[in-house]
Every structure is written in C-alpha cells, then in structure tokens.
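Notes for the structure review
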Amino acid sequence: MAGLLFGTGGVPHSTKPSSTVSGIERIAELGLGGMEMEFVQGVKMSETTAYQVAETAARTGIKLSAHAPYFINFNAHEPEKIRASQERLLKTARIASLCGAQSIVFHPAFYLGDPPQKTYHTVKKYLAETLNQLRSENREAWIRPEVTGKPSQFGTIEETLDLCTELEGLAPCIDFAHCHARTGRFNSYPEFASILTQVKERLGRAALDNMHLHVSGINYGKKGEIRHLNLRESDLEYTELLRALKDYDTKGLVICESPNLEEDALLLQATYHNLPEGSQSS
Ligand SMILES: [Zn+2]
C-alpha cells in the first residue's frame, strides 16, 4: 500500500542547478514522493533528457506526472486551434510517457460563451480523437482533465467526472484549490468528503485508489481563481481536507502548487502522517 504520496508542481525551489533531473533528486532528498513536470508554457524537453528523467525517477522511486500547456482549448471555434490543442496534449503525453510519468494533467477548454452542454459535447468529441491516437501509440499514462478554477473555464467537478465516465483512458485531476475558488464553497470536511463520495459513486473505488490531486492556498473573487497562495496565508482548511482523504483511504499523488512549493508539500505530508488513523467521522 503506497497510500498517498506528496510532491511539488514543478522543480522544488531549493534545487541546484534547476533542471528536471536534479528536481527529482531533490524531491527524494526532501523525503517527498512525487513531482509534476510543468510543460505549461510549451513542451521543450528533448527525448535524450526524457530518458535521463525516466532513469532518475526509477532509481529514486519518485512518481512523475506532467502538466500540459495552458494554451489548450478543445472548444476553440477555429478548427486549426482545435488541432493545435490536440497536438499540444499529444506532445505532452508522448514526452511524459518517455519520462515514465503516470498522469498527464490538462485544462480542457473555455466556454467562450457557449452553453455548457454544447461545450461538453465538443470537448468530448475532440478529446476522444486524441485518446484514440494515444491508444494506437500504446501510451499508457492516464490523461486527466483538471477541475478548473474559473467559471469561464470548462471543468466543473460534474463535467470532469462525466467525461471520465464516458471516455476510456481518462481519470480526474481534482484541484481542491480550484473547487474552492470556483464556487467559494468546498472548504470543510463534509464538502471535501462529498467530492470523494462523488468520485467513488461515479467512477468506483478504483478511482480513489488512483487519485491525482492538486492542493494550494488560493486567492479568489467573483471570477474565481486569482492566484495561488501559501497554505498558511490562505483560508484553505487543509487539515480537514487531509482528514477526508485519510478517512476515504485515498491513494495516489498530491501535488502542491503553493508558491513556496516544497515547503507546503512537506507541511501537507507531515500533517497527513500526524493525523490519527481511522478518524472516521462520516
Ligand atoms: Zn492546472
């Protein structure tokens, strides 16, 4: 039972020199369990580097995931922008697979004024094409649409879980800061637990055994997410969140996206491990 592992979104700040390979080594030194490679501004890693990354991750036992570029919109109104979005996700998945990453996270789309239902069908159609392509290449990593932080972005909890029930090879990335920023809610034990219950009911127990989570503090307003904050400077009830994760025996990778990265990742990990076992309060 690996249980829950904790890591950083990107190379830890205390890594010298700053590279993906040294980042993985630093994660291991810090006693953390995983790292998300940030390809958010584009995929620039070479295949040679990817093989070095895979070797380092295997040697240190660090679990890897990857975040695809922000410039993806599976609901773009121009066909060439749809193709470019598919290409960006494919490119991320290909290089991340060489790295041995198990999850590829992406923000699926913007509504651009379209009704949510119409957006859903468009996203599903073009995403299905991309998943078919990856399957034909025998890429095994999970493709994970993320719960997004702004009401203008496609990616409510319901939309994310709907996609995952309908398309094979898809699993959710639940970003708890985004869930909170998007709605102003989801900041208490019962609300965190309700998300985990939904995951279990819609996708089965296996989904809770293979979760990918993003956690950070967050500043938000009427339009949702404004910026990420360090946990202790934010209102996020992270101890309650960790308690819910433990009570549901959630397994997988928690990626910390606070500005201080490894500091909060270590805080989350220590808080989680100091929780009493079986504090079942549901
Ligand atoms: Zn993200």
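To start, this report covers the structure provided alongside it. Remember, it's a predicted structure, so these values are computed and weren't measured experimentally.

For a metal bound by four donors in tetrahedral geometry, the ideal donor-metal-donor angle is 109.5 degrees, whereas six donors in octahedral geometry ideally sit at 90 or 180 degrees. Surrounding the zinc ion are the protein donor atoms H67 (NE2), H107 (NE2), E146 (OE) and E146 (OE), at 2.1 to 2.6 Å. Between the four donor atoms coordinating the zinc ion, the angles at the centre fall across 54 to 147°, so the site counts as irregular. In this structure E146 comes out as buried when scored by relative accessible area, which is 1%.

A few words on the pairing of strand β12 (residues 252-256). Every other side chain in a regular strand lies on the same face of the sheet, so the side chains alternate between the two faces. Burial of β12 is extensive: four of the five residues sit out of reach of the surface. Inspection of the sheet shows strand β1 (residues 4-9) paired to β12 by five bridges, in the parallel sense. Within the sheet, the bridge partner assigned to L5 lies in β12 and is L253. Two strands pair when backbone bridges link them, and strand β9 (residues 211-215) and β12 are joined in this way by five bridges, in the parallel orientation.

Here we take up the pattern of salt bridges. Counted according to the given criterion, the structure contains 14 salt bridges. Here E29 ties to R26 by a salt bridge, and the two come within 2.6 Å at their closest N and O atoms. Placement of the pair is E29 and R26 together in helix α1 (residues 20-30), with a separation of three residues, close to one helical turn. Residue K251 is joined to D249 by a salt bridge in which the shortest nitrogen-to-oxygen separation is 3.3 Å. The class for D249 is partly exposed, based on a relative accessible area of 40%. Linked by salt bridges that have partners in common, R205, D209, D249 and K251 make up one network.

Our next topic: the sheet that holds β12. The strands making up a sheet associate through hydrogen bonds between their backbones, and the pairing can be parallel or antiparallel. Read across the sheet, eight strands follow the order β6-β4-β3-β2-β1-β12-β9-β8 without closing on themselves; strand pairing throughout is parallel. Edge strands, defined here as strands with exactly one partner in the open sheet, are β6 (142-145) and β8 (173-175). Geometrically, the sheet is characterised by an average inter-axis angle of 25° between neighbouring strands, direction not taken into account. Along the sheet, helix α3 (residues 79-99) makes contact with β2 (34-38), β3 (63-67), β4 (103-106) and β6, crossing β4 at roughly 155°.

Reading the values: rules and limits
- Residues numbered from 1 in each chain as written.
- Predicted model: local features only at pLDDT ≥ 70, side-chain atom pairs only at ≥ 80, totals over all residues.
- Heavy atoms only, no water.
- Donors = N, O, S within 2.8 Å, 3.2 Å for Na, K, Ca; no water.
- Tetrahedral: all angles 85-135°; square planar, octahedral: opposite > 155°, others 65-115°.
- Buried < 20%, exposed > 50% of the residue type's maximum accessible area, 1.4 Å probe, protein only.
- Helix = DSSP H or I, 4+ residues; strand = E, 2+ residues; numbered from the N terminus.
- Pairing = 2+ DSSP bridges.
- Salt bridge = Lys/Arg side-chain N within 4 Å of Asp/Glu carboxyl O.
- Axes fitted to C-alpha atoms, helices over the stretch in contact; angles between N-to-C directions.
- Contact = heavy atoms within 4.5 Å.

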